[in-house]
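Topology and contacts: notes
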Amino acid sequence: MTITVIGSGKVGASAALNCGLRELDDVLLLDIVQGLPQGEAMDINHQLSERGSDSVARGSNNYEDMRGSDYVVLVAGVGRKPGMTRMDLLKINAGIVKDVASKIATYAKDATVIVVTNPLDPMTYLALKTIGAQKSKVMGMGGMLDLSRFKSYIQEATGVSRDSIQAMVISEHGENMLPLTRFSSLGGIPLHDFITKEQATDIFEKTKKVAAEVIALKGATVYAPGNAVATMIESMAKDKKMVIPVSAYLDGQYGVSDLCIGVPAVIGAGGVEKIVELKLDSFEQGVFDKGVASVREAIKALPL
Ligand SMILES: NC(=O)c1ccc[n+]([C@@H]2O[C@H](COP(=O)([O-])OP(=O)(O)OC[C@H]3O[C@@H](n4cnc5c(N)ncnc54)[C@H](O)[C@@H]3O)[C@@H](O)[C@H]2O)c1
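Since the structure is predicted, the reported quantities are computational estimates derived from the model, not experimental observations.

The subject of this paragraph is the overall build of the protein. A tally of regular secondary structure across the protein gives 8 helices and 14 strands. For 304 residues, the compact-globule formula gives about 19 Å, and the C-alpha radius of gyration of the protein, at 18 Å, lands near that figure. Counting only C-alpha atoms, the protein reaches 55 × 45 × 40 Å along its principal axes. Of all 304 residues assigned to the protein, the portion counted as buried reaches 51%. Total accessible area on the protein stands at roughly 13300 Å², and carbon and sulfur atoms take up 51% of it. Of the charged side chains in the protein, 32 are positive and 35 negative, and the gap between their average positions amounts to 4 Å.

Written out as structure tokens, the structure reads:
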């Protein structure tokens, strides 16, 4: 088993480090920039060496080296810069994702792929269609990151241990994300027993806005996305069957077909083993429908 991370920038390096720290397997970092993946691999190995992890990181500029990988993380692409519209970002990254996905189809067709490049849901769809893989084998990481932010605000509002928090965030990774306070609990007790309606609205709004805040302050989000990727790979590599949000291909679930969007799923050795359908109330359904419409619109602009 080898984990390949394509795109050795900020998030790619963080994902590789997190996989190594959990000793999931050896990690290959790939990038088009000469020297960058090799340098990241050296730096990561030095930390892993001191921590006693026997996972080894390698760097390469040769796509052929991903042959035999069980997991491929597709995180090549640019982040949104000031003045760039969502459509500008989509066009630039669609070209990169299409190119990288065709390399995955050539050298690692049987791998399970986690897409990270934004805009996440359309890029996951593009990767799935380009690779031509089974729908259970290509998924996007977005909801796990949104969930980590949602949980941190739940902790702030309630003061209970982060370890006791169970929560869920679904829909589009972007403007129409849907943090589900109604499906969140503390030690199995509904979150709404601990907080007021106003606090719930506040947590909901803060979760939706915080990505832009981090990007404005430090230019990118790095640690939490890298950790989220490692959690998804761990659930598959150890067949843990965690129920986590992923951008998955819908085939009638939630009344939606032929589109990738964030939904709760059982993630195990088979990839997306089951999509869990929640009974949404009218407000939640409204946000989810907007997310579907937004992703559907973006898909029209993809080079399929
Ligand atoms: N889904 C999420 O939750 C989430 C979270 C954070 C970032 N992102 C997205 O992840 C992407 C990467 O973010 P970052 O901060 O790591 O950016 P970055 O600029 O630090 O790194 C991107 C890397 O991709 C490489 N690259 C570009 N084209 C390539 C190709 N064809 N083959 C191989 N490598 C290639 C670049 O050389 C660069 O090293 C962005 O699109 C960003 O918006 C998504």
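Looking now at the sheet that holds strand β10 (residues 185–186). Taken in spatial order, the 3 strands line up as β7-β10-β11 in an open sheet, and their pairing is antiparallel. The open sheet terminates on both sides in strands that have one partner only, identified here as β7 (165–166) and β11 (189–190). Where β7 and β10 come together, 2 bridges link them in antiparallel fashion. Paired with Q166 across the two strands is S185, which belongs to β10.

Moving on: the site of the ligand. Residues in close proximity to the ligand total 29 residues, the closest being K10, D31, Y63, V78 and M141. Y63 is positioned such that a nitrogen or oxygen atom in its side chain is 2.5 Å from a nitrogen atom of the ligand. Within the backbone of V116, one N or O atom sits 3.0 Å away from a nitrogen atom of the ligand. Going through the elements one at a time, α1 (10–21) and α3 (86–107) are the ones with two or more residues in the shell around the ligand. Top contributing element to the shell around the ligand by residue count: α3, with 4 residues. Of the residues in the shell around the ligand, the class split is 16 nonpolar, 10 polar and 3 charged. Counting contributing residues, the shell around the ligand receives three or more from each of domain 1 (3–142) and domain 2 (143–301).

Looking at the element boundaries, K137 is found in the loop between α4 (120–131) and β6 (138–140). Sequence separation between K137 and I114 is 23 residues, and the spatial gap between their C-alpha atoms is 8.4 Å. Excluding residues within four positions of it along the chain, K137 makes contact with D110, A111, T112 and V113.

This paragraph deals with the UniProt feature "domain: Lactate/malate dehydrogenase C-terminal" (unreviewed entry) in the protein. The sites that UniProt annotates as "domain: Lactate/malate dehydrogenase C-terminal" (unreviewed entry) are residues 145–300. For residues 145–300, the end-to-end C-alpha separation is 26 Å, with 45% helix and 25% strand making up the annotated structure.

Glancing now at unusual backbone geometry. With an omega dihedral of -5 degrees, the bond running from N118 to P119 counts as a cis peptide bond. Here P119 is to be found in the loop between β5 (112–115) and α4. In this model, K241 sits at a positive phi of 60 degrees, which is unusual for a non-glycine residue. The topology assignment puts K241 in the loop between α7 (223–237) and β12 (242–251). Taking the relative accessible area as the measure of exposure, K241 reaches 39% and is therefore partly exposed.

Cut-offs applied
Residues numbered from 1 in each chain as written. Predicted model: local features only at pLDDT ≥ 70, side-chain atom pairs only at ≥ 80, totals over all residues. Heavy atoms only, no water. Helix = DSSP H or I, 4+ residues; strand = E, 2+ residues; numbered from the N terminus. Rg over C-alpha atoms; globule rule 2.2 N^0.38 Å. Buried < 20%, exposed > 50% of the residue type's maximum accessible area, 1.4 Å probe, protein only. Areas by Shrake-Rupley, 256 points an atom, 1.4 Å probe, with all protein chains shown as cover. Lys, Arg positive; Asp, Glu negative; His and termini not counted. Charge placed at Lys NZ, Arg CZ, Asp CG, Glu CD. Pairing = 2+ DSSP bridges. Near = heavy atom within 4 Å. Polar contact = N/O pair within 3.5 Å; in protein donor to acceptor, adjacent residues only side chain to side chain. Nonpolar A, V, L, I, M, F, W, Y, C, P; charged D, E, K, R; others polar. Domains from an automatic or database assignment. Contact = heavy atoms within 4.5 Å. UniProt positions renumbered as here; feature names shortened; annotations may be inferred.

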